[in-house]
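Chain by chain, the residues:
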Amino acid sequence: PIAILELFAQPSTSLRLPSFGKMTTARKRARLGLDQTVIRAIRCPFMTTHERPFGRCLEDFAPGDILRHWPGKTITEYDDHLFCMITMNHHPLHTNDWFAAESVQGRNVVVGNLVYSLVLGMSVPDVSGAAIANLEVETLQHKFPTFHGDTIHAETRVLEVKESKSKPDRGIVTVETKGFNQDGQEVCYFKRKVLIWKRDAAPQRARPYDGTDVWAD
């Protein structure tokens, strides 16, 4: 009954329920003629399902746009040592305190590939999270050393947006990304090209359990 739904859609402060005497809850629901889905909607009439934005389509990029990535991350000694071990980079500048103390830098320096990977990863939700492929990385520069305990943030600027000549459902976006430490010093810079879907061709986001009401009572 539409009138009942309208009643339940009112803000809770003004909601007045009809009296059903000593009826059980199940009988009350039956009398209202409402199924479980509507009952849940009544409990929270302004409920919305939110999808986290992740990546962009080709039409969402424009040359000159600046994307400020969030959040940043503090690189710990553990992060650096683990990355070095995983990638088999055993240079003592990154893992040996005694050696690093005698180096030009005077202390351990975070391995450059970790800084690059971190800055690249920060840009993924805003740049390439819905991309077809990462085509090219060029002009990778480490402009200032990163040390254990430094906190990195990143930003990206769109340089070029170009439709594909061979496949009309996609295009190539060229961006440049910078990483900064807590003092505002630029520690990493790179430029990359990403293959991006156009909006009409982009696959829909899906989950293995789509079609199942995982919030059913």
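This text goes with the structure placed above it.
Residues numbered from 1 in each chain as written. Predicted model: local features only at pLDDT ≥ 70, side-chain atom pairs only at ≥ 80, totals over all residues. Heavy atoms only, no water.

A.B. asks: Would you mind showing me how to read the packing of aromatic side chains here?
C.D. replies: Here a ring pair, both rings aromatic, is described through the centre-centre distance and the interplanar angle of the planes. Across all of its chains, the model carries one aromatic pair by this definition. Look at Y116 and F190: their rings are 5.0 Å apart centre to centre, the planes differ by 80 degrees, and that puts the pair in the edge-to-face class. Of this pair, Y116 sits in helix 7 (residues 112-123) while F190 sits in strand 6 (residues 186-197), and the two are 74 residues apart along the sequence. Taking NZ or CZ as reference, R107 lies 3.6 Å from the ring centre of F147, over its face. Here the basic side chain of K143 rests over the ring of Y189, its NZ or CZ set 5.0 Å away from the ring centre. (Phe/Tyr/Trp six-rings, centres within 6.5 Å; stacked < 30°, edge-to-face > 60°. Helix = DSSP H or I, 4+ residues; strand = E, 2+ residues; numbered from the N terminus. Lys NZ or Arg CZ within 6 Å of the ring centre and 35° of its normal.)

A.B. asks: Quick question: what am I supposed to make of the side chain of H94 here?
C.D. replies: Looking at where H94 falls in the secondary structure, it is placed in helix 5 (residues 92-95). Residue class for H94 comes out buried when judged on its relative accessible area of 9%. The residues touching H94, leaving out its near neighbours within four places in the chain, are D80, H81, C84, N89, N108, V109, V110, V111 and H148. (Buried < 20%, exposed > 50% of the residue type's maximum accessible area, 1.4 Å probe, protein only. Contact = heavy atoms within 4.5 Å.)

A.B. asks: Would you mind showing me how to read unusual backbone geometry here?
C.D. replies: In most cases, non-glycine residues show a negative phi, while peptide bonds are predominantly trans. Here the bond from W70 into P71 is cis, since omega is 0 degrees, no more than 30 degrees from zero. Tracing the chain through its elements places P71 in the loop between strand 1 (66-68) and strand 2 (73-74). Of note in the backbone geometry, T139 takes a positive phi value of approximately 55 degrees without being a glycine. With respect to the helices and strands, the residue T139 is situated in strand 3 (residues 131-141).

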